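Below are the chains, spelled out letter by letter.
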Amino acid sequence: MTSQSPDSKIILDSPVRAPSSVPVDDAVLPFEVAALDLRGRLTRLGPTLDDLLAKHDYPAPVNKLLGEAIVLTTLLGSSLKFDGRFILQTQTDGPVSFMVVDLKAPDRLRAYARFDARRLKRGADSAALLGKGHLAMTVDQGPDMSRYQGLVALHGGTLEHAAHEYFLRSEQIPTRVRLAVGEEWRGGDGGKHRWRAGGMLMQFLPKAPERARQADLHPGDAPEGTVPHEVKQDDAWIEGQSLIATVEDVELIDPDLSGERLLYRLFHERGVRVFSPLRLSAQCSCSRDAVASMLKSFAAKDRAEMVQDGKVVVTCEFCSSVYQFTPREAGVEEGTA
Ligand SMILES: [Zn+2]
């Protein structure tokens, strides 16, 4: 087991130095602003995001929304302290009705989406594409360990909102999340087009828990005239939130602005410490053996129904790899297909 806790790396990191101007893509950079009791992570995705999306042939609005879900997954799942899996899933009534992003520790990402092309409208924002439903986060630590699942309702807002609500209700940790996805054109018209994304997660983690108390997000069904539940927010958290609110989408995805410089730009007055980046890659974990054993787990009748033109063909939804089996290899008994 490897520890990725920032705590364990503080001693290893060099003391104060200038922020690196070299942009590092496809990585999560953990950081800490000790003076404000803030901990966070900054994700920059370049070629890896392009690879993940290129496995499919989705329309641009679907790519953008799935890109947001991928960034959110890297922000939430990159702190896994075991060789497990973090899976983010949305199931909603919008044009993009299903998304799944799977992060296999420490660095392997894969993702896909299901959508109704007839309902995709030009210019629809991410919230409208998602619609209402729920977002589920699963931490899978292997067959002998219990799975953890967190659920949050999507009320027609963005994935950022859903993340805020999850941390407020389930974890009671004051949290802010920013997600940005954009297209980059190199070489003018007809040039090469690439997807880029960036995001930031910031949490207020004071030693005294009473400092982290928060007001409810929604007043709910309280009768008219009820005084809303008011909690005075801690000054450090107010400052942290106002700083992260100044981050522009273009800064999060700018290929020429390093993550370290962006953090320095935000927090230089208070001092920010960064830890070793965690690299990410687009890599599916499917294999012919895994597909074969999945086929064997099906009922004989279902296996028999999968035979078409004398073969069983299985396509991986994550990476579009195609696996072909003879009926015999797929465990179909003779005479049943
Ligand atoms: Zn695959």
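Everything quoted here is computed from the prediction, not taken from an experiment. Along each chain, the written sequence defines residue order, and numbers are assigned to residues from 1. Residue-level local features of this predicted model are given only where pLDDT is at least 70; pairs of side-chain atoms are given and counted only at 80 or more, and the full residue set underlies all totals for whole chains, interfaces and linings. Only hydrogens and water are set aside; all other atoms, that is, all heavy atoms of the structure, feed into the side-chain values.

Moving on, we get to the confidence of the model for the protein chain. Taken over all residues, the pLDDT of the protein chain has a mean of 88, while the share at 70 or more is 88%. Confidence drops under pLDDT 50 across residues 1–13; counting only partners more than four residues distant or on other chains, this segment forms 25 contacts. One confidence number per residue, pLDDT, is output by the predictor and ranges from 0 to 100. Two residues form a contact once any of their heavy atoms are found within 4.5 Å.

Moving on, we get to the coordination of the zinc ion. We call an atom a donor if it is N, O or S and sits within 2.8 Å of the metal, or 3.2 Å for Na, K and Ca. Water is not counted, so some sites may look partial. Summarising the metal site, the zinc ion is bound by the protein donors Cys284 (SG), Cys286 (SG), Cys316 (SG) and Cys319 (SG), whose distances to it range over 2.3 Å. Metal sites are grouped by the angles between bound donors: all angles between 85 and 135 degrees with four donors is tetrahedral, opposite donors over 155 degrees apart with the others between 65 and 115 is square planar for four donors and octahedral for six, and any other pattern is irregular. Metal-centred angles of 104 to 113° between the 4 donor atoms at the zinc ion mark the site as tetrahedral. Motif for the zinc ion, donor spacing along one chain: C-x1-C-x29-C-x2-C. One end of the pair, Cys284, is in the loop between strand S12 (281–282) and helix H9 (288–297); the other, Cys319, is in the loop between strand S13 (312–315) and strand S14 (322–325), and 35 residues separate them in sequence. Between buried and exposed lies partly exposed: a residue is buried under 20% and exposed over 50% of the maximum accessible area for its type, with that area taken using a 1.4 Å probe on protein chains only. Among the residues examined, Cys284 registers a relative accessible area of 14% and is labelled buried. On the basis of relative accessibility, which here comes to 12%, the residue Cys319 falls in the buried class. Numbering of helices and strands runs from the N terminus; a helix is a DSSP stretch of H or I covering at least four residues, while a strand is a stretch of E covering at least two.

Moving on, we come to the sheet that holds S12. Strand pairing is assigned whenever DSSP detects at least two bridges linking the two strands. One open sheet holds the 6 strands; their spatial order is S7-S6-S3-S4-S5-S12, and the pairing between them is mixed. Looking at the sheet topology across the chains shown, the edges are occupied by strand S7 (148–155) and S12. Alignment of strand S6 (residues 132–140) against S7, held across 8 bridges, turns out to be antiparallel. Residue pairing for S7: Gly133 is matched across the bridge by Leu154. Think of each axis as a best-fit line through the C-alpha atoms, taken over the contacting stretch in the case of a helix, with angles from 0 to 180 degrees between the N-to-C directions. Seen against the sheet, helix H5 (residues 159–171) touches strand S3 (85–92), strand S4 (96–104), S6 and S7 and runs at an angle of roughly 125° to S7.

The subject of this paragraph is empty space enclosed by the protein. Think of a 1 Å grid over the protein atoms and nothing else: a 1.4 Å probe that fits but is trapped marks a cavity, an open set flanked by protein within 12 Å on at least five of seven lines marks a pocket, and residues with an atom within 4 Å of a point count as lining. Grid points are joined across faces, edges and corners, and a volume is the space filled by probe spheres set on the points. Considering all chains together, one arrives at 1 cavity of 30 Å³ or more under this definition. The volume enclosed by the largest cavity comes to roughly 40 Å³. Together, Leu52, Lys55, His56, Leu109, Arg110, Ala111, Cys284, Phe318 and Cys319 line the largest cavity. If you tally residues by element for the lining of the largest cavity, the top one is strand S5 (residues 108–115), at 3 residues.

With that settled, the discussion passes to the pattern of salt bridges. In what follows, salt bridge is the name for a side-chain nitrogen of Lys or Arg lying within 4 Å of a carboxyl oxygen of Asp or Glu. Under the defined criterion, the tally for this structure stands at 21 salt bridges. One salt bridge in this structure joins Lys232 and Asp235, with 3.8 Å as the shortest N-O distance. In this pair, the class of Lys232 matches that of Asp235, namely exposed. Measuring nitrogen to oxygen at the nearest pair gives 3.7 Å for the salt bridge that ties Lys301 to Glu305. On the criterion of helical spacing, the pair formed by Lys301 and Glu305 is a turn pair, its members being 4 residues apart in helix H10 (residues 300–305). In this structure Lys301 comes out as exposed when scored by relative accessible area, which is 57%. Given a relative accessible area of 55%, Glu305 falls into the exposed group. A network of salt bridges, in which partner residues are shared, links Glu32, Arg39 and Arg273.

Right, let's get into the pairing of S13. Across the two faces of S13 the burial differs, with Val312 and Val314 buried and Val313 and Thr315 not buried at all. By the bridge criterion, 4 bridges tie S13 to S14 in an arrangement that is antiparallel. Along S14, the bridge assignment pairs Thr315 with Val322. Hairpin connection from S13 to S14: 6 residues lie between these consecutive antiparallel strands, with Ser320 at a positive phi of about 65°.

For the rest of this paragraph, the subject is the environment of Ala136. Inspection of the secondary structure assignment puts Ala136 in strand S6. In this structure the C-alpha to C-alpha distance between Ala136 and Gln89, which are 47 residues apart in sequence, comes to 5.1 Å. When residues no more than four places from it in sequence are discounted, the contact partners of Ala136 are Ile87, Leu88, Gln89, Gln149, Gly150 and Leu151.

Turning next to the nonpolar core. The set of buried Ala, Val, Leu, Ile, Met, Phe, Trp, Tyr and Cys residues whose side-chain atoms join them within 4.5 Å is what this entry labels a nonpolar core. The biggest cluster of nonpolar side chains holds 56 residues, and the ones touching the most others in it are Leu66, Ile70, Met99 and Leu159. At 9 residues, helix H3 (residues 60–77) tops the list of elements feeding residues into this core. Residue contacts for Ile70: discarding those within four places in its chain leaves Leu45, Leu49, Leu52, Leu53, Val101, Leu109 and Ala111.

One way to put it is that H3 packs onto H5 with a least axis distance of 10 Å and a crossing angle of 30°. Considering the angle they form, H3 stands roughly parallel to H5. In this structure, H3 crosses over H5, and the sense of that crossing is right-handed. In this structure, H3 uses Leu65, Glu68, Ala69, Leu72 and Leu76 to contact H5, whose residues at the interface are Leu159, Ala163 and Phe167. Charged means Asp, Glu, Lys or Arg here, nonpolar means Ala, Val, Leu, Ile, Met, Phe, Trp, Tyr, Cys or Pro, and polar covers whatever is left, Gly included. Classifying every residue of the contact of H3 with H5 by side-chain character gives 7 nonpolar, no polar and 1 charged. Roughly parallel here means an angle under 35 degrees, roughly antiparallel means over 145, roughly perpendicular means 65 to 115, and every remaining angle is called oblique. Note: crossing handedness is left-handed where the near helix turns anticlockwise from the far helix by less than a right angle, and right-handed where it turns clockwise.

Inspection of the secondary structure assignment puts Asp102 in strand S4. Here the side chain of Asp102 touches Arg85 through a polar contact of 2.9 Å, side chain to side chain. With sequence-adjacent residues up to four places away left out, Asp102 is seen in contact with Arg85, Phe86, Ile87, Arg108, Leu109, Arg110 and Phe318. Polar contact is defined as a pair of N or O atoms within 3.5 Å, subject to the rule that within protein one atom must be able to donate a hydrogen and the other to accept it, and that residues adjacent in sequence are counted only when both atoms are side-chain atoms.

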